[in-house]
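# Structural overview for review
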Amino acid sequence: MTRSRTVRRLAAATAVGLLPLLAACGADTDTGTGSESHASDGGKTTAGSSGQLDIPADANADLKKQYLLENAIAACMKKQGFTYTPVAPEDPAASWDTYGADYALTKKYRQKYGFGIYAGIVYPDDAGASGSAAAQQDSNKTPNADYVDTLTPEQKAAYDKALGAFPDPKAGEKNWTGCQGEADKKVYGSSSAQERGTEATNRNQANAQALNGDPKLVALAQSYASCLRKEGISVTTTQPTGVGEMVRFQALNSAPASTIPTVDKDGNTQEPMSKEEALPLLTKDIELAMRDLECGKEFRAAYFPKFLKAPTSGGGAG
C-alpha cells in the first residue's frame, strides 16, 4: 500500500461525517434507482444504463446518503447540459479489510505486498499493488476524466462552475457551490457542510477517547507493543488508535523517496527505482509486515469491531 492509499484508508474511517462532504459524482436522474454492475472481485458499483446508481440493500444510513448525493449531483449536472457518471462510494468498513479488520485477507495481502511500499515497482501490472503504474493510470481514466478531456477550455470552465467547489471558510462560505451545493442541501437539509464537518470532528475525537480509554484494548495494545519490542521493532505509541498503524507508518517514513512514482505532463508514470532495486526491499517489507500482523492479531480482533462501530480519524489498526 502506498502513502496515498494509507491516507485514503484513514480518511475512510471518518466517512460517517466527512465522506459525504467530499463526494463529487453524478449521472442522469435523481430517482436513486437504476441498474448496477458488480465487478467479479467485489469492486465498486457503477452506474447502469439509466445513469444512476442503485443503493445497496445493506447500506447504512450514512452510506445511503452518499449514494443519494451522487445521484442528485448527476441530475443537476444533466440539467446544466453536462454528462457526469457516478461511481459508488466505498463502504468504509470494507476499506479496512486488508488493513487488519479481516485477518485472513490482510495476511494474504501482506504475504505478497508487505505494506505495499515497494509492491507497485515489483509488480507494475498488478492492480492489487496500489502503487503500480497500471493502477495509477487506471485511477485517472475514469468516465468523468475521459469526458472532461473532450471539452474545450471554455466548456471545462463552465463544467467546473456547474459542478461547484468545496466551501471556502476564508470567504465566509459554509456550503458547497454549484450542483454539489444543490445536491448537498437536497440530501442533508439545512445543516451546512461546515457544520457537519465540525460535528464529525467532534464525534471522531469522542470516539478516539473512548477507544483509547477501553481497558481491554489498552491491555491488548500493551501486549502488542511488548511483542513488537521482542521482534526488535521500535514502539513509539501504545495507544489503541495508533499502535496498529505505527509500524506501517515507520516503514513508510523510512522508505527512500525514489519509491514514489512521478507522473509527467503527458500523464505517463515513471518509476525512479528499478524492479531489481525494489525486490530485496520488498522482501524485507513483507517480513516486517508479517511480524507486525502476528504481534497484533489479538489486538486487531478486539479493536476493529469497536472501531468500525464508532470510527475515528485518529488512526486504525491496520
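Presented here is a report on the structure given in the accompanying data block. Quantities reported herein were computed from a predicted structural model and do not represent experimental measurements.

This paragraph deals with the packing of aromatic side chains. This structure, assessed with the given rule, holds 14 aromatic pairs. Residues Tyr 147 and Tyr 159 carry aromatic rings whose centres are separated by 6.0 Å and whose planes lie at 55 degrees to one another, so their mutual orientation is tilted. Taken as a pair, Tyr 147 in helix 8 (residues 143-149) and Tyr 159 in helix 9 (residues 153-163) lie far apart in primary sequence, twelve residues in all. For Tyr 159, a relative accessible area of 3% translates into the label buried. When the ring centre of Tyr 123 is taken as origin, the NZ or CZ atom of Lys 112, which lies over that ring, is 5.0 Å away. Its end group placed over the ring of Tyr 103, Lys 297 keeps NZ or CZ at 4.3 Å from the ring centre.

Mapped onto the elements of the fold, Ala 193 is located in helix 11 (residues 193-212). The exposure class assigned to Ala 193 is buried, which follows from its relative accessible area of 3%. Residues Ala 193 and Phe 166 lie 27 residues apart in sequence; the distance between their C-alpha atoms is 8.7 Å.

Attention now moves to the pattern of salt bridges. Within this structure, the stated rule accounts for eight salt bridges. Across the salt bridge formed by Lys 306 and Asp 214, the nearest N and O atoms sit 2.7 Å from each other. Of this pair, Lys 306 sits in helix 15 (residues 297-309) while Asp 214 sits in the loop between helix 11 and helix 12 (215-230), and the two are 92 residues apart along the sequence. Look at Lys 306 and you get partly exposed, because its relative accessible area is 33%. Owing to a relative accessible area of 17%, Asp 214 belongs among the buried residues under this scheme. Among the salt bridges present, the one from Arg 291 reaches Glu 231, with a minimum N-O distance of 4.0 Å. Of the two residues, Arg 291 is situated in helix 14 (residues 275-295) and Glu 231 in the loop between helix 12 and helix 13 (240-254); the sequence distance between them amounts to 60 residues.

Reading the values: rules and limits
Residues numbered from 1 in each chain as written. Predicted model: local features only at pLDDT ≥ 70, side-chain atom pairs only at ≥ 80, totals over all residues. Heavy atoms only, no water. Phe/Tyr/Trp six-rings, centres within 6.5 Å; stacked < 30°, edge-to-face > 60°. Helix = DSSP H or I, 4+ residues; strand = E, 2+ residues; numbered from the N terminus. Buried < 20%, exposed > 50% of the residue type's maximum accessible area, 1.4 Å probe, protein only. Lys NZ or Arg CZ within 6 Å of the ring centre and 35° of its normal. Salt bridge = Lys/Arg side-chain N within 4 Å of Asp/Glu carboxyl O.

Keep in mind these numbers describe shape, not what the thing actually does.
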